[in-house]
Amino acid sequence: MTTLISNQSQWQQILRRQKLANAQRWLLTLEQSPNPTELALHEYDNLFKAFEFTLLYPDTIDLAYRYILVLNPIVFGFADWDRWLKYLEQALALSQKASRFEVEVHIKELYADFLVHMGFPKKAIRYYEEVKTVYETNDELDRFARILTKLATEYGRLGDMNIAQNYMDKAVAIANQLNNQELLAHVCLDLSAFEMRNRNWEAGLEASEKAYQLYEAVQDSRFMLRALTNKSACFAHLGDWEEVEQLSDHLVKQMSDAKHQLNYIKLKINLGFAAYSQRDIRMAELHWQEGLQLAEQINVPMQKGILYCNLGAVYNHFEEWEVAEKMHHKALITLAKLGDLENWANAVENLAELYKAQNRNSELRQLLTRAIVKLKPSESSPGIKKFVDLFETWLVQLP
């Protein structure tokens, strides 16, 4: 009996060594690959099977962390997020068990990044704030500035504009003080998104252009695309259709494969807006329906909410009321869960337009009253205040 147990233990050790060697081999292949994204897409199952082994034991946390550093941006692009979030949860628990505090802090930040894009901004903020405290305490100013921009974006999304502006101003000041070009590029990219959310399109364009130039200097193609996508959105809102068209042709070619699905959805949102603004409503519908099909396929709540909202406006225009109302309610539910007040208010406006067109005054009054109560505490945001003023005017005008 003792011999049998001993042999079993021995075979388990041999099997573990074999799996460890396999995990190390795939990791080296990934790290040394000239195109790790293509490798990950073609060897997805093999790589993730090897990675999964590293998440089982505290003494393999360093291997797991190296896998995460390479795979995280790749997964972020093509959005296998539910699976990846579970991996990050495992890695976080493993880093705590192995007492690897620095690794734990960085994984928390990456985990929060995915929470944001899966539609959990409040939970993400809690993790970001924990990470911010560590970076500030350790005087890691570059990481501290980066986390401030992420927090500013999420607080802004939730309508806490005073905190958001304070954090963003601090981040920009630190980035300029350190003269760290990579940090400055990331801060400028986040600043462009922040200004766009506040509908400061000129400022957003300036920040995205600066981010693009900094990324171009180091040939970071992934972030160059993100900066160009933001530029496209700013040009669309500024009505510069020639620039939108030129940028879009380039971006569509660059985003034609699976690794850029999220950016492609964002581009479709921008192109739809450009078409809608030029009264080409059918073309806007085509862009937004294509974006929605992909957003539902890979399940990105933020983009789904925006696209439901935009398509609701399209079907309002065509007086396809039944389809429009379904889109409005989907938008309201999705955006409320995200805590995205400004886009939620936009969806309220669209549904209110439908109620007005159908003389459903009782429902309109209830909708406007509920929206004003919800939005009033966040009037410090210029975009939200615009909606509050509009809804109060409509409420007064009701018979």
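This write-up is about the structure you can find in this document. All values reported here derive from a predicted model rather than from experimental measurement.

Further remarks concern the overall build of the protein. When helices and strands are tallied, the protein shows 20 helices and 0 strands. Against the globule reference of 21 Å for 399 residues, the protein gives a C-alpha radius of gyration of 24 Å, in line with a compact fold. When its C-alpha atoms are laid out on the principal axes, the protein stretches across 90 × 50 × 40 Å. Taken across its 399 residues, the protein has 54% of its residues classed as buried.

Considered as a void within the structure, the second largest pocket measures approximately 160 Å³ in volume. Lining the second largest pocket are Val172, Asn176, Leu184, Val187, Cys188, Leu191, Glu195, Ala203, Glu206, Ala207 and Lys210. Among the elements of the structure, α9 (161-178), α10 (181-197) and α11 (201-217) are those that each provide at least two residues to the lining of the second largest pocket. In terms of residue count, α10 provides more of the lining of the second largest pocket than any other element does, 5 residues in total.

Residues that lie three or four places apart on an α-helix share one face, since the helix turns once every 3.6 residues. For helix α19 (residues 361-375), built from 15 residues, the straight-helix expectation of 21 Å at 1.5 Å per residue is met to within 8% by its first-to-last C-alpha distance of 21 Å. Along α19, the residues that are buried comprise Leu364, Leu367, Leu368, Ala371, Ile372 and Leu375. All buried residues of α19 project into a common sector of 125° when viewed along the axis, lining one side. The exposed set on the far side of α19, more than 90 degrees from its buried face, consists of Gln366 and Val373.

The interhelical angle for the contact between helix α14 (residues 261-277) and helix α15 (residues 281-298), taken along N-to-C directions, is 160°, at an axis separation of 8 Å. In terms of orientation, α14 lies roughly antiparallel with respect to α15. Considering only the axes of α14 and α15, their crossing is left-handed. Each of Gln261, Tyr264, Ile265, Lys268, Ile269, Leu271, Gly272, Phe273, Ala275 and Tyr276 in α14 lies in contact with α15, whose residues at this interface are Ile281, Met283, Ala284, His287, Trp288, Glu290, Gly291, Leu294, Ala295, Gln297 and Ile298. Along the lines of polarity and charge, the residues of the contact of α14 with α15 split into 14 nonpolar, 5 polar and 2 charged.

Basis of the calculations
- Residues numbered from 1 in each chain as written.
- Predicted model: local features only at pLDDT ≥ 70, side-chain atom pairs only at ≥ 80, totals over all residues.
- Heavy atoms only, no water.
- Helix = DSSP H or I, 4+ residues; strand = E, 2+ residues; numbered from the N terminus.
- Rg over C-alpha atoms; globule rule 2.2 N^0.38 Å.
- Buried < 20%, exposed > 50% of the residue type's maximum accessible area, 1.4 Å probe, protein only.
- 1 Å grid on protein atoms, 1.4 Å probe; cavity = no way out; pocket = protein on both sides within 12 Å on 5 of 7 lines; lining within 4 Å.
- Points joined across faces, edges and corners; volume = space filled by probe spheres on them.
- Expected span 1.5 Å × (residues − 1).
- Arc of directions from axis to C-beta.
- Axes fitted to C-alpha atoms, helices over the stretch in contact; angles between N-to-C directions.
- Parallel < 35°, antiparallel > 145°, perpendicular 65-115°, else oblique.
- Left-handed = near helix turned anticlockwise from the far one by under 90°.
- Contact = heavy atoms within 4.5 Å.
- Nonpolar A, V, L, I, M, F, W, Y, C, P; charged D, E, K, R; others polar.

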